[in-house]
Amino acid sequence: MPNQILAHTPVWVFALFAALIVLGLTQMRGREIKLQRASILPLVMVLLSFAGTLIAFGTAPWPLLAWAAGLAASTTAVLALPMPAGTHFNPTTQRFALPGSAVPLALMMGIFFTKYAAGAALGMQPELAQLPTFTATAGALYGLFSGVFLARGLRLWRLAHKAQPAALPA
């Protein structure tokens, strides 16, 4: 059965998988980036996970509610964590020094494999799209993964805001 699933997978899915691996591997090296660039990946991943939920399940309430709950839960949990050691913002250059991390790669793979598994399952058994447990589980996983991305971006915004010099009184 796994061979049949892989044989029916469009070539572009493998290309996307490879691109995500490369992108995730680049995140494993320490680097300096601007705030705008640090914001792009979290926003793209949130939009992709939401779009994945909509594409797979339409506007059915269970998967959308589960997506929102997963997003809120993981965003809240990660926002409460301290910044990774070595994360700094330089207000003069408006750049972050970020340590390398495998977390983005793991999150991208989580979203990719959730979408792949849901798509394969729905392709073999379309009636799963009517089961609230299936749709809510997939929606919650999309939301959980993207919430971690969102919180990582929000923590950087918060760090940049705290590092900005206070305005001098006139």
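*Asks:* Explain helix α3 (residues 35-57) to me, using residue names and the numbers behind them.
*Replies:* In this model α3 runs 34 Å from its N-terminal to its C-terminal C-alpha over 23 residues, within 8% of the 33 Å that 1.5 Å per residue would give. Listed in full, the buried residues belonging to α3 are Leu-35, Ala-38, Ser-39, Leu-41, Pro-42, Met-45, Val-46, Ser-49, Gly-52, Thr-53 and Phe-57. Downstream of α3 by a residue or two, Gly-58 has a phi angle that is positive, lying close to 65 degrees.

*Asks:* Please provide a residue-by-residue account of the packing of helix α4 (residues 61-79) against helix α6 (residues 132-163), values included.
*Replies:* What describes two packed helices is the angle between their axes and the distance between those same axes. Between α4 and α6, the least distance of the axes is 6 Å, while the angle of their chain directions is 35 degrees. In this structure, the crossing between α4 and α6 has a hand that is right-handed. The residue inventory of the contact of α4 with α6, partitioned by class, reads 16 nonpolar, 8 polar and 3 charged.

*Asks:* I'd like a rundown of the pattern of salt bridges, residues and numbers included.
*Replies:* Taken as a whole and judged by the stated rule, the model has 1 salt bridge. Glu-32 is the salt-bridge partner of Arg-95, the closest N and O atoms lying 3.7 Å from each other. Here the residue Arg-95 occupies a position in strand β3 (residues 95-98), and Glu-32 occupies one in strand β1 (residues 31-34), the gap between them amounting to 63 residues. The class for Arg-95 is partly exposed, based on a relative accessible area of 29%.

*Asks:* Go over the environment of Gly-119, please, and point to the residues and values.
*Replies:* Mapped onto the elements of the fold, Gly-119 is located in helix α5 (residues 103-124). For the pair Gly-119 and Arg-37, spaced 82 residues apart in sequence, the C-alpha separation works out to 30 Å.

*Asks:* Please give an account of the layout of surface pockets that cites residues and values.
*Replies:* In this structure, the largest pocket spans a volume of roughly 500 Å³. Lining the largest pocket are 26 residues, with Trp-12, Leu-16, Phe-112, Lys-115 and Tyr-116 sitting closest to its centre. Elements represented by at least two residues in the lining of the largest pocket include exactly α2 (11-26), α3 and α5. Among the elements that line the lining of the largest pocket, the one with the most residues is α3, at 9 residues. Partitioned by chemical class, the residues of the lining of the largest pocket number 20 nonpolar, 5 polar and 1 charged. Empty space within the second largest pocket amounts to approximately 390 Å³. As for the second largest pocket, its lining consists of 22 residues, and the residues nearest its centre are Gln-27, Arg-31, Ile-33, Leu-98 and Arg-152. For the lining of the second largest pocket, the secondary-structure elements that each account for two or more residues are β1, α3 and α6. Tallied by class, the residues present in the lining of the second largest pocket amount to 13 nonpolar, 5 polar and 4 charged.

Cut-offs used in this document
- Residues numbered from 1 in each chain as written.
- Predicted model: local features only at pLDDT ≥ 70, side-chain atom pairs only at ≥ 80, totals over all residues.
- Heavy atoms only, no water.
- Helix = DSSP H or I, 4+ residues; strand = E, 2+ residues; numbered from the N terminus.
- Expected span 1.5 Å × (residues − 1).
- Buried < 20%, exposed > 50% of the residue type's maximum accessible area, 1.4 Å probe, protein only.
- Axes fitted to C-alpha atoms, helices over the stretch in contact; angles between N-to-C directions.
- Left-handed = near helix turned anticlockwise from the far one by under 90°.
- Nonpolar A, V, L, I, M, F, W, Y, C, P; charged D, E, K, R; others polar.
- Salt bridge = Lys/Arg side-chain N within 4 Å of Asp/Glu carboxyl O.
- 1 Å grid on protein atoms, 1.4 Å probe; cavity = no way out; pocket = protein on both sides within 12 Å on 5 of 7 lines; lining within 4 Å.
- Points joined across faces, edges and corners; volume = space filled by probe spheres on them.

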